[in-house]
Amino acid sequence: MSKKRVLVTGGAGYIGSHTTVELINAGYEVIVVDNFSNSDASSLEGVKKITGVAPTFVEVDCCDKEAMRRVFEDNSFDAVIHFAAYKAVGESVAQPAKYYRNNLLSFINVVELMKEYHCKNIVFSSSATVYGDAEELPVTERTPRKPATSPYGNTKQMSEDMLRDIVTVDDELRGIALRYFNPIGAHPSALIGELPRGVPNNLVPYITQTAAGIRECLSIFGDDYPTPDGSCLRDYIDIVDLARAHVVAINRMVEGRCEERYEIFNVGTGTPVSVFELVKGFEKANNLKLNYKVAARRPGDVTAVWADTTRANEVLGWRAERKLEDTLRAAWQWECYVRNREK
Ligand code: UDP
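Cut-offs and rules
- Residues numbered from 1 in each chain as written.
- Predicted model: local features only at pLDDT ≥ 70, side-chain atom pairs only at ≥ 80, totals over all residues.
- Heavy atoms only, no water.
- Helix = DSSP H or I, 4+ residues; strand = E, 2+ residues; numbered from the N terminus.
- Buried < 20%, exposed > 50% of the residue type's maximum accessible area, 1.4 Å probe, protein only.
- Contact = heavy atoms within 4.5 Å.
- Areas by Shrake-Rupley, 256 points an atom, 1.4 Å probe, with all protein chains shown as cover.
- Salt bridge = Lys/Arg side-chain N within 4 Å of Asp/Glu carboxyl O.
- Core = buried A, V, L, I, M, F, W, Y, C linked by side-chain atoms within 4.5 Å.
- Axes fitted to C-alpha atoms, helices over the stretch in contact; angles between N-to-C directions.
- Parallel < 35°, antiparallel > 145°, perpendicular 65-115°, else oblique.
- Left-handed = near helix turned anticlockwise from the far one by under 90°.
- Nonpolar A, V, L, I, M, F, W, Y, C, P; charged D, E, K, R; others polar.
- Phe/Tyr/Trp six-rings, centres within 6.5 Å; stacked < 30°, edge-to-face > 60°.
- Near = heavy atom within 4 Å.
- Polar contact = N/O pair within 3.5 Å; in protein donor to acceptor, adjacent residues only side chain to side chain.

Focus: the overall build of the chain
So, point 1. If you tally the helices and strands in the chain, you get 11 helices and 13 strands.
So, point 2. Overall, the C-alpha framework of the chain stretches about 55 × 45 × 40 Å when taken along its three principal axes.
So, point 3. The buried share of the chain, reckoned over its 343 residues, is 53%.
So, point 4. Partitioning the intrachain contacts of the chain with sequence separation of at least 6 by distance along the chain shows that 79% fall at a separation of at least 24.
So, point 5. Within the structure as shown, the chain displays about 15,200 Å² of accessible surface, and the carbon and sulfur contribution to it stands at 49%.

Right, dumping it as structure tokens:
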């Protein structure tokens, strides 16, 4: 039997590269498109080292519809996973039009080409950011979304809405939105991981760069939140666990097991972890001391958000498996690998 084929947009990126590995390991043929706007070819080399398979790669911007049309013309796909998007919240506030143009246009191009070329299944890369400052915790997929607080968050909400509307009137098309909580860590091989450009915004890359001596000191944004230790609570999901969630979603689609045309799943661990706990966990897992200080709250941060993962557990048969300690060890090993590579 020939292999099922999956188009992965943004497949050279952090989540895309880990998902490509898991798809290949699960027996899929993967075609990656990426414009390297926030990634480079080293991640695809890493994928090849891990799996022994070099995924087909086309360097293309999903906003370039004619270039994307050639990809659909040259290949047929059983499913698409659409990762390609800008993701820096602060930058999206400073340059909203750039975010709306890139994230929405690429999404529209992909779904229109899917329709034209009769590709039936799409997994969309959404985010827990759609829940905003949630009134009930943990959040379920039915927890009402809050108005987005950044253009980035708005592009995720708008893309979810577009996907729902498009599949509702198209009997051929199925859509799954995966709402990621806080993806962290790296592949246990340390051959792929997160490659932030410039000063990291996210907690774990800032921690690993501080431990590596690239940043002087980690600022913990706020210790006066109404939480047990005063720092914010998040749901940190291991990147390999997150990648596996995409594989089970794709399996469900290509095997025709979707119960509804549009389905949403939270992808998290279900366990809240504070910033202090994460920092201490990192120190313990890697047997080192981190230079950190308490600083003012970061504007826009919510106090707490974590997932109710019942739906993903029961319907997808997926749950987070990797221990936080192992995830934090992998994050550090990846940082060390990158530093050695750059020497
Ligand atoms: N955080 C921090 N110092 C940093 C970066 C992040 O204390 O340098 C905190 C942030 O306030 C939040 C948590 O770490 O409580 C996760 O932040 P991140 O930016 O990684 O993800 P977010 O939850 O904002 O999407």
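Overview of unusual backbone geometry
So, point 1. Across the junction of Leu 137 and Pro 138, the peptide omega takes the value -5 degrees, indicating a cis bond.
So, point 2. With respect to the helices and strands, Pro 138 occurs in the loop between β5 (121–127) and α6 (151–168).
So, point 3. In this model, His 118 sits at a positive phi of 55 degrees, which is unusual for a non-glycine residue.
So, point 4. Relative to the assigned elements, His 118 resides in the loop between α5 (96–116) and β5.
So, point 5. Although it is not a glycine, Ala 190 adopts a positive phi angle of roughly 60 degrees.
So, point 6. Along the chain, the position of Ala 190 falls in the loop between β7 (182–184) and α7 (203–211).

Describing the pattern of salt bridges
Here the idea is simple: oppositely charged side chains can pair when their charged atoms come close.
So, point 1. In this structure the tally under the stated criterion is 27 salt bridges.
So, point 2. The partner of Arg 164 in a salt bridge is Asp 165, and the shortest N-O contact between them spans 3.0 Å.
So, point 3. Since its relative accessible area comes to 36%, Arg 164 is described here as partly exposed.
So, point 4. For the salt bridge of Asp 326 with Arg 329, the shortest nitrogen-to-oxygen distance reads 3.2 Å. One end of the pair is Asp 326 and the other is Arg 329, both in helix α11 (residues 324–342) and three residues apart, which spans about a single turn.

Some points on the nonpolar core
Note that soluble globular proteins tend to have their nonpolar side chains buried in a common cluster.
So, point 1. Counting residues in hydrophobic clusters, the biggest one holds 38 residues, and the most contacted among them are Leu 23, Val 123, Ile 176 and Ile 250.
So, point 2. Aside from chain neighbours lying at most four places away, what touches Leu 23 is Val 6, Val 8, Tyr 28, Val 30, Ile 81, Val 247 and Ile 250.

Thoughts on the packing of helix α1 (residues 14–25) against helix α8 (residues 239–254)
So, point 1. Contact geometry for α1 and α8: axes closest at 8 Å, N-to-C directions at 60 degrees. The orientation of α1 relative to α8 falls into the category oblique. Both α1 and α8 take part in a crossing whose hand is right-handed. Contacts between α1 and α8 pair Tyr 14, Ile 15, His 18, Thr 19, Glu 22 and Leu 23 from the former with Ile 239, Val 240, Leu 242, Ala 243, Arg 244, His 246, Val 247 and Ile 250 from the latter.
So, point 2. Looking at side-chain class alone, the contact of α1 with α8 contains nine nonpolar, three polar and two charged residues.

Examining the packing of aromatic side chains
So, point 1. Within this structure, the stated rule accounts for eight aromatic pairs.
So, point 2. Centre to centre, the rings of Tyr 86 and Tyr 99 are 5.3 Å apart; their planes meet at 55 degrees, and the pair counts as tilted. Taken as a pair, Tyr 86 in the loop between β4 (79–82) and α4 (89–94) and Tyr 99 in helix α5 lie far apart in primary sequence, 13 residues in all.
So, point 3. Assessed through its relative accessible area of 21%, Tyr 86 is described here as partly exposed.

Details of the site of the ligand
So, point 1. Leu 203, Ser 219, Arg 234, Arg 298 and Asp 301 are the nearest of the 15 residues found near the ligand.
So, point 2. In this structure, Asn 202 approaches the ligand through a side-chain N or O atom, which is 3.2 Å from an oxygen atom.
So, point 3. Between the ligand and Asp 301, the relevant distance is 2.6 Å, taken from an oxygen atom to a side-chain nitrogen or oxygen of the residue.
So, point 4. Contact with the protein chains hides 85% of the accessible area of the ligand, taken as 520 Å² for the molecule alone.
So, point 5. For the shell around the ligand, the elements supplying multiple residues, two or more each, are α7 and β8 (218–221).
So, point 6. If one sorts the elements of the shell around the ligand by residue count, β8 sits on top with four residues.
So, point 7. Each residue belonging to the shell around the ligand can be placed in one class, and the counts come to eight nonpolar, four polar and three charged.

Concerning the environment of Asp 40
So, point 1. Here Asp 40 lies in the loop between β2 (29–34) and α2 (42–51).
So, point 2. Distance in space between the C-alpha atoms of Asp 40 and Val 254 is 30 Å, their sequence separation being 214 residues.
So, point 3. Asp 40 has contacts with Ala 12 and Leu 195, leaving out every residue within four places of it along the chain.
So, point 4. A polar contact is formed between the side chain of Asp 40 and the side chain of Ser 42, at a distance of 2.4 Å.

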